[in-house]
Amino acid sequence: MLTFYEDANNPEAASPNAMAVDPPEEHIVEPNGTETGDVAIITPDSTENATVMLANDFVAMKDHVLPPLVEEPHVLEDQIFTWEVVSWANMTKKEHGPAFQAGGFPWRILLFPFGNNVDQCSIYLEHGFNNNEVPEDWSCCVQFALVLWNPNDPSIFYHHSAHHRFTKEESDWGFTRFLERRKMYAPWENSERPLVENECANITAYVRVVEDETGVLWHNFNNYDSKRETGFVGLKNQGATCYLNSLLQSLYFTNAFRKAIYQIPTQLQEESMNNSAYTLQRLFYQLQTSNTAVGTAELTKSFGWETRHIFEQQDVQELSRKLMERMEEKMKNTENEKVLAQMFSGKIKTYISCINVPYESSRVEDFWDVQLNVSGNKNLLESLQDYIQVEKLDGENQYFAGEQYKLQDANKGVIFQSFPDVLHLQLKRFEYDIQRDTMMKINDRYEFPEEFDAAPYLDKEADKTEAWGYQLHGVLVHSGDLNAGHYYAFLKPNKDGWWYKYDDDKVTKATRREVLEENFGGPFKTPNGPTRTPSQKKTPTMRPNSAYMLVYIRKSKLDKVLCPVTAEDTPQHLQQRFEEEVAAREARRKEREEQHLYLGIKVITEATFQQHSGTDLTSFDANPEQDPAAPRFYRQLRNSTMQELVDTIGEDTGLDPRRIRLWIMVNRQNKTIRPDQPVMDLRPTVEDTFNRATAHRDQALRVWVEVAEDINADGEAVWPTYRGQENGVIVKNDLILLFLKWFDVESQTLKGVGHTYISKEKKVEELVPIIITKMGWRDKLSSDEKIQLWEEIKPNMIEGLKAKQTLKAAELQDGDIVCFQRMHEKKSRLGLGESKPAEEAKVSDRFDDAREYYDFLLNKKTVKFHAHPQKCDPQQFPSFEMVLNSKMSYDKLAEKIGDRLEVDPTHLRFYTVNASSYNPRTAIKRGPNQTLLSILNPTGYGQLNMNQRPDALFFEVLDMSLAELDTKKSIKITWLSEGISKEDQYDVLVTKSGQVEDLIAALIKKAKLESEEEGGRIRVYETSNHRFFKELERAYPVISINDYTAVVAERIPEEELEVKDNTQFISVFHFHGEPSRAHGMPFRFLLKENETFAESKKRLEKRTGLKGKSFEKIKFAVVRRSQYSRPQYLNDDDVLWDVAANEDDFLGLNHPDRTRSLRNGVSDLFLKG
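If you're wondering where the values come from, they're calculated on a predicted model, not measured in any experiment.

**Remarks on the overall build of the protein chain**
Step number 1: Within the protein chain, the secondary structure is distributed over 28 helices and 55 strands.
Step number 2: Relative to its full complement of 1169 residues, the protein chain shows a buried share of 47%.
Step number 3: In the protein chain, of all internal contacts separated by at least 6 residues, the share reaching a separation of at least 24 is 66%.
Step number 4: When the accessible area of the protein chain is evaluated, it comes to approximately 59,300 Å², of which 46% is carbon and sulfur surface.

**Quick word on the pattern of salt bridges**
Close approach of charged atoms allows side chains of opposite charge to pair.
Step number 1: All told, the structure shown has 67 salt bridges when counted by the stated rule.
Step number 2: Of the charged contacts in the structure, one is a salt bridge between Asp-569 and Lys-259, with a shortest N-O distance of 3.8 Å. In this pair, Asp-569 is assigned in the loop between α14 (558–561) and α15 (572–593) and Lys-259 in helix α5 (residues 255–262), connecting sequence segments 310 residues apart.
Step number 3: Residue classification places Lys-259 among the partly exposed positions, given a relative accessible area of 22%.
Step number 4: With its nearest N and O atoms 3.0 Å apart, the salt bridge here joins Glu-517 to Arg-445. One end of the pair, Glu-517, is in the loop between α13 (512–515) and β26 (545–554); the other, Arg-445, is in the loop between β20 (438–441) and β21 (451–453), with 72 residues separating them in the sequence.
Step number 5: Taking the relative accessible area as the measure of exposure, Glu-517 reaches 22% and is therefore partly exposed.
Step number 6: Residues joined in a network through salt bridges with shared partners are Asp-616, Arg-668, Arg-674, Lys-741, Glu-792 and Asp-816.

**Concerning the sheet that holds strand β12 (residues 360–367)**
Step number 1: An order of β12-β11-β17-β14 is seen for the four strands of this open sheet, with the pairing classed as antiparallel. For this open sheet the edge positions go to β12 and β14 (391–393), each flanked by a neighbour on one side alone. Each adjacent strand pair in this sheet contributes to an overall mean axis angle of 25°, direction not counted.
Step number 2: Summarising the sheet, β14 and strand β17 (residues 410–418) pair through three bridges and their orientation is antiparallel. Bridged to Leu-393 within β17 is Ala-410.

**A look at helix α9 (residues 316–331)**
Step number 1: Spanning 16 residues, α9 covers 22 Å between terminal C-alpha atoms, matching the ideal 22 Å at 1.5 Å per step.
Step number 2: By the burial criterion, the buried members of α9 are Val-316, Gln-317, Leu-319, Ser-320, Leu-323, Met-324, Arg-326, Met-327 and Met-331.
Step number 3: Just downstream of α9, Asn-333 is the residue with a positive phi angle, here 65°.

**A closer look at the sheet that holds strand β30 (residues 673–678)**
Step number 1: Spatially, the five strands line up as an open sheet ordered β28-β27-β31-β29-β30, and their pairing is mixed. Sheet topology places β28 (632–637) and β30 at the edges, where each strand pairs with a single neighbour. On average, adjacent strands in this sheet sit at an angle of 40° to one another, irrespective of strand direction.
Step number 2: Bridge analysis of strand β27 (residues 598–604) against strand β31 (residues 701–707) gives four bridges, and the strand direction is parallel. Note on β31: the bridge partner recorded for Ile-604 is Trp-704.
Step number 3: Helix-sheet contacts for helix α17 (residues 642–653) involve β27, β28, β29 (660–667) and β31, and the interaxial angle to β28 is about 140°.

**A closer look at the packing of helix α6 (residues 276–289) against α15**
Step number 1: Orientation of α6 relative to α15, taken along the N-to-C sense of each, is 70°, at an axis distance of 11 Å. Classified by the angle between their axes, α6 and α15 sit roughly perpendicular to one another. In this structure, α6 meets α15 at a crossing whose hand is right-handed. Mapping the contact onto sequence places Tyr-278, Gln-281, Arg-282, Tyr-285 and Gln-286 in α6 and His-573, Leu-574, Gln-575, Arg-577, Phe-578 and Glu-581 in α15.
Step number 2: The residue inventory of the contact of α6 with α15, partitioned by class, reads four nonpolar, four polar and three charged.

**Considering helix α26 (residues 1093–1104)**
An α-helix turns once per 3.6 residues; consequently, residues spaced three or four apart project the same way.
Step number 1: With 12 residues, α26 should reach 16 Å at 1.5 Å per residue; the first-to-last C-alpha distance of 15 Å fits that figure.
Step number 2: Along α26, the residues that are buried comprise Phe-1093, Ser-1096, Arg-1099, Leu-1100, Arg-1103 and Thr-1104. With its buried residues spanning 125° around the axis, α26 presents them on a single face. Set apart from the buried face of α26 by more than 90 degrees, the exposed residues are Lys-1098 and Lys-1102.

**So, the packing of aromatic side chains**
Any aromatic ring pair is given by two values, namely how distant the centres are and how the planes are angled relative to each other.
Step number 1: Enumeration according to the criterion identifies 57 aromatic pairs in this entry.
Step number 2: Ring centres of Phe-81 and Phe-100 lie 4.6 Å apart, and the angle between their planes is 15°; this geometry places the pair in the stacked category. Taken as a pair, Phe-81 in strand β2 (residues 75–85) and Phe-100 in strand β4 (residues 100–102) lie far apart in primary sequence, 19 residues in all.
Step number 3: The interplanar angle of 90° and the centroid separation of 5.8 Å between the aromatic rings of Trp-663 and Tyr-722 together place this pair among those described as edge-to-face. With a gap of 59 residues between them, Trp-663 in strand β29 and Tyr-722 in the loop between β33 (717–718) and β34 (723–724) connect regions that are remote in the sequence. The pair formed by Trp-663 and Tyr-722 is uniform in burial state, with each residue classed as buried.
Step number 4: Through successive ring pairs, a cluster of aromatic residues spans Phe-105, Trp-107, Phe-129, Trp-138, Phe-144, Tyr-158, Phe-166, Phe-175, Phe-178 and Trp-188.
Step number 5: One Lys or Arg, Arg-258, reaches over the ring of Tyr-252 and ends 3.8 Å from the middle of that ring.
Step number 6: One cation-aromatic arrangement involves Lys-501 over Tyr-488; the distance from NZ or CZ to the ring centre is 4.6 Å.

**Re the environment of Gly-413**
Step number 1: Among the structural elements, Gly-413 can be located in strand β17.
Step number 2: Its relative accessible area of 10% is what places Gly-413 among the buried residues.
Step number 3: With residues up to four places along the chain from it excluded, the contact list for Gly-413 reads Lys-349, Thr-350, Tyr-351 and Gln-389.

**Brief notes about the packing of helix α4 (residues 242–252) against α6**
Step number 1: Where α4 contacts α6, the axes come no closer than 11 Å and their chain directions differ by 75°. With respect to their mutual orientation, α4 and α6 come out roughly perpendicular. Facing Leu-248, Gln-249, Leu-251 and Tyr-252 of α4, the residues of α6 in contact are Leu-280, Leu-283, Phe-284, Leu-287 and Gln-288.

**Points about the environment of Thr-204**
Step number 1: Residue placement: Thr-204 occurs in strand β10 (residues 201–210).
Step number 2: Judged by its relative accessible area of 0%, Thr-204 is buried.
Step number 3: Once residues within four sequence positions are removed from consideration, Thr-204 is found in contact with Phe-58, Ile-80, Phe-81, Thr-82, Ala-145, Leu-146, Val-147 and Trp-149.
Step number 4: At a separation of 2.8 Å, a polar atom in the side chain of Thr-204 contacts the side chain of Trp-149.

**Concerning the pairing of strand β48 (residues 1018–1024)**
Step number 1: Counting buried residues in β48 gives six out of seven residues, a clear majority hidden from the surface.
Step number 2: Sheet analysis places β48 next to strand β50 (residues 1046–1051), joined by six bridges and oriented antiparallel. Across the sheet, the residue bridging to Ile-1018 is Arg-1051, located in β50.
Step number 3: Pairing geometry for β48 and strand β49 (residues 1027–1032), over five bridges, is antiparallel. Each bridged residue has a counterpart across the sheet, and for Tyr-1021 the counterpart in β49 is Glu-1031.

Conventions used here
- Residues numbered from 1 in each chain as written.
- Predicted model: local features only at pLDDT ≥ 70, side-chain atom pairs only at ≥ 80, totals over all residues.
- Heavy atoms only, no water.
- Helix = DSSP H or I, 4+ residues; strand = E, 2+ residues; numbered from the N terminus.
- Buried < 20%, exposed > 50% of the residue type's maximum accessible area, 1.4 Å probe, protein only.
- Contact = heavy atoms within 4.5 Å.
- Areas by Shrake-Rupley, 256 points an atom, 1.4 Å probe, with all protein chains shown as cover.
- Salt bridge = Lys/Arg side-chain N within 4 Å of Asp/Glu carboxyl O.
- Pairing = 2+ DSSP bridges.
- Axes fitted to C-alpha atoms, helices over the stretch in contact; angles between N-to-C directions.
- Expected span 1.5 Å × (residues − 1).
- Parallel < 35°, antiparallel > 145°, perpendicular 65-115°, else oblique.
- Left-handed = near helix turned anticlockwise from the far one by under 90°.
- Nonpolar A, V, L, I, M, F, W, Y, C, P; charged D, E, K, R; others polar.
- Arc of directions from axis to C-beta.
- Phe/Tyr/Trp six-rings, centres within 6.5 Å; stacked < 30°, edge-to-face > 60°.
- Lys NZ or Arg CZ within 6 Å of the ring centre and 35° of its normal.
- Polar contact = N/O pair within 3.5 Å; in protein donor to acceptor, adjacent residues only side chain to side chain.

Quick look at the structure:
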């Protein structure tokens, strides 16, 4: 029997609830057994009710099992359906209940009476569509409850509730562990009857279909497409750049700003990617045209940010201001120079106005945003009123109004003279908590309206001819606490229409409630009172998310600010650049897809060989677009023939293909790559030829192009060797193919000349006439000049050739390289190459023979030199590169760099470079056996040297020679000039045999201080871990100063000059919260007997140089040396002399470390480009 009950109540009468009740330890599981974390509300039955609830009282039960939802969606329909189950024990493993309608769709109950792979009853709700009848993209948002109850005693029941977005993919939802089977048959609580009695029970489904107003209610966002659903795209988060993304989206949808950015001239492509205006244009254009989320890497790179900056959350207000400043700079001297100021800048007047006399002091300033107090104010209007609150100056606080009026009662305050078209309001959610002595996030409830009138906050003399009404355009939200959180934005792109939520790469529609109520902050609110009873929790649960920046647009300027941005507004060069990039990406994509069809061909020609200045015939890794000596590169279909490859090369080089012959390049055992033999049969495919080429280690086919010098009457090439016969036989004669290189001693260059054929039976000296002819030297050689010959066997083996030896005896073969040079006979008795030990090859700027030059090629290194950023002026000594021999000694290196810098080489000191930070490492010690190679690639230190750049050095130009420097000790000393509030760092050189007296004299000279006679005596002391270590006597030897302590110098305060007894001093240090968290500059403080601490504090204020609030916030305590002792905080009437009775007691100053920039400890925000 079936019972069908339709709720007659108003389906729109929803009772919103913004807080979920406590879920039980139950699991919502899909029928396939997969656990899911996307579970909403699960409410177990409770029998502790004032009145007995009956399962057949469907109206009361519906209110009990379907509590108000957090999202407060509009209810479309409620349906109640009961399935009467009989013969429970005889049911199959999986049963479907009868279908019923709700919200215009079919539904049914899915039951696993014996459990879905668990020892519990499993019950689900599923849609009732037949297979293959589910509409594409169908979804339905449902809140539902399933109640299992005894039809004979409706007071016995058990239920679970949930909500879910049903889709074609997620067709069922419910409870795998609905109820343990043993409990179903056991007597129920306070009853002798079981829930399932006589194998019968009822299952009632309460189904509430709600409106999915935004299209993303309870969405799992799998395969979600922002562009398709909203028409907009998000921004990718690089690490911790959500704050940047929320600001950029806000500025992007300030259409007038976007137009202004597009009008910045950025046509100079060569410097564009370092130009933040250009990268911002690119970002905005991509947000307009892209179908997927857009990256911000180009923009942040143009800011000069590195990886560490990407993972640091910065202050949005500061970022907004710096970005505006940068864009204003880019707009200077253009017609839009004042556009940003007109759009975002208003005017505010700061004044002091006398009440009884006509006297006012005031100044008017521009403002780009307004910072409003959240603490102590309930809403935006109260904050604005608080901002312009008038302070009365009277009594002892009267204002001096000049000689004419003297002291007068006055009003002090600020008042707005005008507001900008786009008003940025910064809500001060982060403030310093003096009780906790730290920054805290204010989570108080703070309301802001969709519209407000700014006229009440304007000066009475302000222009009010046009209304000052403002409409909310954007809400930037912070979710989380002080140290960790997430940023996102709610924006209204058009004057009318939807709000949208921009959460990094995801864009969704948003309701007014999401924009306003959910971002007011404060505790979670429910219309029915507290979510939890007082016994459950006394303090309310605070929302983690709240608005921190509001964007309002003046209503009369809405059309101007939100003007349409069309393709015509986009710079033409920007569109063209993107079209080119899209085409290039498409070409690369197509190339990747078709890559398996093609084979790369690297081709050495006579022209590339003649440009080659290194070893072998070429460098196969070189880029042909940048290096004329690089082999030409062709992409050839793998199934194309070698004849087609020859035709392609001929067409590209302008040569007759009939005169072209290709030689296969192979890897020799000595690791050189040389031609092996020519390809005589052009019918095989390039892939077959590639596969037959032995010992290739390249993914491309490598060939050398030979061009025939002679042709027959038919225009066919006549080859010197490997000639084909009519019968198809290839004949190899005794000619061998040699490549010739010329080492030009005068220009110190090595170049390819070409190739030649010569019989291997001929003598080496018979190569000389061939070389003279090729070089055109027949009449240019003097009588004492000879040609010297070498064989380039491999880069580190260059052997001289003997004149009378045959080529065969010299073991020359096809593809070998002979290097020649002109040499005067007095330098070479034979006129040909002679061997000498490689270690005798000199390391100098000029090489007299080819072997020496080859040795230089083998060991040459391009090194970048930079002036030391702290010890040398980069403006005076700009960075440069030099090609050097890695065998050169330290002194030779110093000589070369000294010549380049025009400084004495003995006054140069070098530093290695940290590979991660690019900062200088330690200074390089000069040694007799050191070479450039051992400096750049030191051995024996393992992991330590992996973090060193092998191609760069810093240099420092010294005031003295290194030899003299070795007699001195370098001491880093901190000079305190204003108490301890100002620190200046100096590197001072003192003779190693000197004393602290000499250190003081050197400091006075280095820092240009007044002498001790004029400015007062100076003392020097050491500190360690932010604590005072010891004072150094003036006769103390500087060689004994500890390298692991910090050295500090200061003028001795007047009151301490005559004090000789060290027991009258107490060591002072700074800490924050716990004495173990020490920071700042320690010092010694003079104790005075019977002096109250109130008087001591006055002296401490003078001694430290800290003033005003910085000093007032300090809490003072005596700290015992024992690490386990707690600080003993001092009162004004305490006597420090008495409290600090032990010699090893410290005076601790408890206050935050103000030297740490920004609240998250991150570095200062900067924009470079």
